[in-house]
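Secondary and tertiary structure notes
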Amino acid sequence: MTAHHTSPPPPGRDTTIVLDLGPAPHDDPALEVHGPLDGDRLEAALDQVAVHHPDAPAPPHRIDRHGPVRHTLRLFAGAPGAAFPWGLLADLLTHPAPGTRAVRSVPPTTLQRELLADADAHPGRHVERLTWAWHGRLDLDRFRASWQSVVDRESVLRAAFGDGSEPLLLLHDDVDADVLWLPQGTVGWPDLVEHDLRRGLDPRLPPGLRVTVLGGGSAGRGGDTPSRVLLTYHHALLDDFSARLLVREFYRAYLAGGRLPGGERRPDIRDYVRWLHRQDTAPARDYWSHAAPRADAVSPVPLTAAPGPTTGRTEVRLDAALTERLTAWAAHWGSTESGVLQTLWAVLLYRASGAEGPARVRFGVAVSGRGITLEGAERLPAPLRAPLPLSVEVDPRSTVATLLAEVRDRILDMASYEWVSPGQIRDWSASSASASSASVSSAAEPSPSMSSAAGPSAAESSPSVPSASAPSASAPSASALPDGSLLVFEGGPRTVDDLTAELATQGVRVGRPEPLGARTAFPVTLVTRRDDDGGLVLTASHDRSPYADATKALTDSASLLTEVPYLAADSTTVADLLRLLSTAPDVPVPAAAGPSHAPVPEAPAELPLVPLREATGPGAGTVCLVQTHGLPRARYERLAETYRGPESVVLLRTTASGGHAVPGAPRDTDPPLVLAAFSGGGTAACEIARRIATDGGRPPLVVLTGATTDDAAFARTLESVAARAGHPR
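A few points on the structure. Note that the structure is predicted; figures quoted are calculated from it, not measured.

Glancing now at the sheet that holds strand E7 (residues 159-161). Hydrogen bonds between backbone atoms are what pair the strands of a sheet, whose relative direction is either parallel or antiparallel. With antiparallel pairing, three strands are arranged side by side in an open sheet as E5-E8-E7. In the strand order of this sheet, the two ends are held by strand E5 (103-106) and E7, each with one partner. Strand after strand, the sheet turns through a mean of 30° between neighbouring axes, direction not considered. Bridging between E7 and strand E8 (residues 169-172) involves three bridges; their strand directions are antiparallel. Along E8, the bridge assignment pairs Ala160 with Leu170.

If you trace the six strands from one edge of the open sheet to the other, you get E12-E19-E18-E15-E13-E14, paired in mixed fashion. Two strands in the sheet have a free side with no partner beyond their single neighbour: strand E12 (312-318) and strand E14 (386-394). Direction aside, the axes of adjacent strands within the sheet are offset by 20° on average. Packed on one face of the sheet, helix H9 (residues 320-332) meets E12, strand E18 (524-530) and strand E19 (536-542) and runs near 80° to E12.

On to the nonpolar core, then. Soluble globular proteins: nonpolar side chains tend toward being buried together. Judged by nonpolar contacts, the single largest core of 82 residues is most densely connected at Tyr272, Trp288, Val340, Trp345 and Leu577. The greatest single-element share of this core, amounting to nine residues, is contributed by helix H10 (residues 337-353). If we ignore the near neighbours within four places in the chain, the residues touching Val340 are Leu326, Trp329, Ala330, Ser335, Leu404, Leu561 and Val564. One finds Val179, Val213, Val247 and Leu499 within the second-largest nonpolar core, a separate group that totals 33 residues.

Working note: a packed helix pair is described by the angle between its axes plus the distance between those axes. Close contact between helix H19 (residues 633-642) and helix H21 (residues 711-725) brings their axes to 9 Å; oriented N to C, the two are set at 60°. Judged on the interaxial angle alone, H21 and H19 are oblique. Judged by the twist between their axes, the crossing of H19 over H21 is right-handed. Residue-level inspection shows Arg635, Arg638, Leu639 and Thr642 of H19 in contact with H21, the latter providing Asp711, Ala712, Phe714, Ala715, Leu718 and Glu719. Here the residues of the contact of H19 with H21 sort into five nonpolar, one polar and four charged.

This paragraph deals with the packing of aromatic side chains. Overall, the coordinates contain 13 aromatic pairs when judged by the stated rule. On the numbers, 5.9 Å between centres and 50° between planes, the contact of Phe250 with Tyr254 is tilted. With Phe250 and Tyr254 both in helix H6 (residues 240-255) and four residues apart, this pair spans about one turn of that helix. A relative accessible area of 2% places Tyr254 in the buried class. Ring pairing ties together the aromatic residues Trp134, Phe143, Trp147, Phe250, Tyr251 and Tyr254, which thus form one cluster. Over the ring of Trp189 we find Arg228, and its NZ or CZ is 5.0 Å from the ring centre.

The buried count for strand E6 (residues 127-135) comes to eight of nine residues, which makes it a mostly enclosed element. Across eight bridges, E6 lies against strand E11 (residues 227-234) in antiparallel orientation. Each residue of the ladder has a partner; that of Glu128, found in E11, is Tyr233. One ladder, built from two bridges, connects E6 with strand E17 (residues 514-515); its direction is antiparallel. Counterpart to Leu130 in the pairing with E17 is Pro515. Sheet topology places E6 next to strand E16 (residues 509-510); two bridges connect them, and they run antiparallel. Counted as the bridge partner of His135 is Arg509 from E16.

Here we take up the pattern of salt bridges. For the structure shown, the criterion picks out 37 salt bridges. A salt bridge links Asp196 to Arg129; the shortest N-O distance between them is 2.5 Å. With Asp196 in helix H5 (residues 189-199) and Arg129 in strand E6, this residue pair connects regions lying 67 residues apart in the sequence. The pair Asp196 / Arg129 is uniform in exposure class, with both members buried.

Conventions adopted
Residues numbered from 1 in each chain as written. Predicted model: local features only at pLDDT ≥ 70, side-chain atom pairs only at ≥ 80, totals over all residues. Heavy atoms only, no water. Pairing = 2+ DSSP bridges. Helix = DSSP H or I, 4+ residues; strand = E, 2+ residues; numbered from the N terminus. Axes fitted to C-alpha atoms, helices over the stretch in contact; angles between N-to-C directions. Contact = heavy atoms within 4.5 Å. Core = buried A, V, L, I, M, F, W, Y, C linked by side-chain atoms within 4.5 Å. Buried < 20%, exposed > 50% of the residue type's maximum accessible area, 1.4 Å probe, protein only. Parallel < 35°, antiparallel > 145°, perpendicular 65-115°, else oblique. Left-handed = near helix turned anticlockwise from the far one by under 90°. Nonpolar A, V, L, I, M, F, W, Y, C, P; charged D, E, K, R; others polar. Phe/Tyr/Trp six-rings, centres within 6.5 Å; stacked < 30°, edge-to-face > 60°. Lys NZ or Arg CZ within 6 Å of the ring centre and 35° of its normal. Salt bridge = Lys/Arg side-chain N within 4 Å of Asp/Glu carboxyl O.

Printed below as a string of C-alpha cells:
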C-alpha cells in the first residue's frame with residue numbers, strides 16, 4: 001500500500017521517499033523523492049544495491065524534477081518488481097549508514113575481464129613498472145600528499161575488482177595512496193626491483209598504483225646520488241599512457257605544494273564504460289569477422305637453435321640522427337615509424353615461417369584506444385590500450401612500398417573499431433568461420449603439414465597458451481588474448497606545458513620514466529619508445545619458451561630499421577630485404593617442451609674477412625671495413641660498390657658475440673691501408689690497428705663516421721684518405 005500524496009518534509013529533515021510500484025506486475029515503479037537528489041547520489045545508491053545484490057537487474061531510470069526538493073524517480077526494471085530490492089534503494093537514498101565509506105560499482109569492460117582472467121591464470125602477468133631518477137631534494141611529506149591528491153582526483157586509482165565469477169569494478173570514495181620510502185643504503189636498487197617483481201600487484205585491492213622511493217627525504221638534500229622512483233601498476237586498471245599521464249598530474253600537485261585544484265576528473269572510467277555500452281557492435285562485428293586473421297595466417301615466433309632462459313629481455317637504441325632519417329623516410333612513403341616497424345616485423349615473421357611464395361602472417365599490434373568519440377578520452381587514465389590482431393600477405397616479389405601501404409591501410413581500417421577486445425574479435429571470427437562452411441571451420445586448427453611448413457605456431461611454442469575456442473564475453477578465459485607476438489609503440493600524453501622546467505626552478509631535476517617491461521600473454525613482445533635525445537629504444541622480451549629468441553628478433557629489427565632509410569621503397573622488393581638479413585635461412589627448431597631435440601645442422605661458417613671489391617691493380621692496397629654490430633652486410637656492400645679508388649675493399653665481420661676476429665692478412669691481399677667503420681666500430685678498428693703495429697706492420701689509418709652518413713660521401717672520404725695513406729710522409 002502506498003500513499004500518493006505526501007507533504008514534503010520540513011527543511012533540514014532527511015530525504016523522504018515515496019515508492020509507487022504501480023499496477024501488477026509492478027514493472028514500472030516510481031519513487032517520489034522529497035528532498036535533495038542529484039545524479040551522483042542516485043548513482044552511488046544504485047551501485048551499492050549492485051554490490052549487495054549482484055544478481056539484481058540494473059534498471060534504467062528517469063528523474064522528473066518538480067522543484068529543488070521534490071522529484072519523481074522512475075525506474076524501468078523490465079522484470080517483475082520483486083526482482084529488484086526497492087526497499088534497499090529507498091534506505092540508501094534516505095538514510096545511508098553513518099560512518100561507512102561509500103562504494104560504487106560499474107561493470108568492467110570486456111578487455112578488463114580478459115586481462116583479469118589471464119592474470120588469474122598466470123600470476124605475475126600484466127604488471128608494469130615505470131622508473132625514473134629524481135635529482136635534488138625530495139620533500140617526503142609533499143611527495144606523499146601529492147600522490148594522495150592524485151588518488152583523490154582519479155577514480156580509477158580508487159578502483160578494485162570484486163570477487164566472483166562476474167567481478168564488478170568497485171570504486172571507493174576514500175583510499176589511501178600506497179607510497180613506500182626506503183632510505184638510501186637500505187637495499188640495492190636491483191634487489192628492490194626484484195622484490196617488487198615477486199610481490200606483484202593485486203588488482204582486487206585498492207589503490208591501483210604503488211609508489212616506491214629509494215633515497216631522498218632528510219638524506220636527499222641535493223647530493224650526488226639521486227633518488228629512484230618505482231611506479232607499479234596493473235594493465236587491467238591502467239595502460240602505459242595512463243601511467244605517464246598520472247606522473248604529470250603528480251608533478252602538478254608537487255609544484256602546487258601537494259594538492260591538485262578541483263575535484264574528480266571527468267570523464268573517468270565510469271563514463272568510458274557507459275560510452276562502451278552505448279556502442280553498436282554490429283559494424284565492429286562485421287568488420288572483424290572479415291578482417292581477423294584467417295586460419296592460414298602463420299604466427300611463428302623467432303626461434304633459437306639451443307634452449308636458453310624461459311624469459312629474457314634485451315634492448316637496443318637507434319640514435320636521434322638515424323631516427324630522424326627513418327621518420328622522414330617513412331613520411332615520404334606515406335607511413336610512420338610504427339608503420340615501418342610493423343611492416344618489417346611482417347617480413348621477419350615471413351622469414352621465420354620458412355615460406356617460399358606469398359604467405360599471410362599475423363601478429364598483435366597495441367592500439368591506444370583513444371581515437372574514440374568520447375570527449376576527453378585523450379586525457380583519460382584507464383585501460384584503453386588493447387592488443388589487436390593484424391594480418392597481411394607478404395609476397396617476396398612485391399615492393400616494400402606496397403607492403404607499407406597495405407599495413408598502413410589495415411591499421412587505419414581498424415582504428416574505427418579499436419575499442420573492441422581480443423576476445424570479442426576471436427568470438428566474431430570464430431562465428432563467421434563456423435557459419436561459412438565446414439571446411440573453413442576445420443581449417444581453424446592447422447594441419448600437421450601446415451605446421452611443419454610454416455614453422456612452429458605460437459601455441460606449439462608455448463604450451464601454456466590454450467588453443468580452445470573463443471570464450472564468451474560474459475566468462476572470458478585466459479585464452480581470450482591472442483598468441484604469437486606483439487608490437488607496442490609507446491607514446492605519452494602530448495605536453496602542453498614544461499613541468500620539468502618548473503621543477504628545475506625548485507631545485508628538482510627528473511628523468512624520463514622508463515618501463516621495466518610487463519609480462520604479457522605473448523611469447524615475444526617488442527616495445528618501441530623515444531628516449532630523451534629523440535632516438536628510438538627497442539626492447540624485446542620473450543616468455544614461456546626457452547627457444548623464443550628475443551635477441552635475434554631485436555637485432556634483425558634494428559638492422560632493417562637502420563637499412564631502410566637508404567632504400568627506394570618503390571623499387572626494393574621484400575626479397576631484397578630478406579637478402580639483407582642473412583645469406584643462410586634459419587633452421588626451424590621445435591619449441592614443444594621435451595627432454596630431447598633432434599640435432600641441428602650447423603650453417604657453414606663464413607670467413608671473418610670477406611672480399612667485397614677487387615683492386616684494380618697489384619700493390620694498390622686495401623681498405624678494410626670493420627663491421628659495426630647490428631649493421632647489415634648490405635650496407636658495406638653498397639659502400640664497396642660506390643668506392644672508386646684503386647684499392648681492394650674487404651669486410652671484417654663481427655662474431656656471434658659482437659666482437660671481431662683479427663685474422664692474419666691473406667697472402668694474396670695487400671696490407672690494409674685504411675680501417676673504416678661506422679659509429680660503434682671505432683674501438684674495434686683502433687684495437688686492430690694497434691695489433692698490426694705490435695706485429696711490426698705499419699698501422700693503418702682509421703676512419704669512423706656516423707651510421708646516417710651518405711654512402712657516396714663516405715666513399716669519397718675513404719678514397720682521399722687511402723690516397724694519402726699510400727704516400728706516407
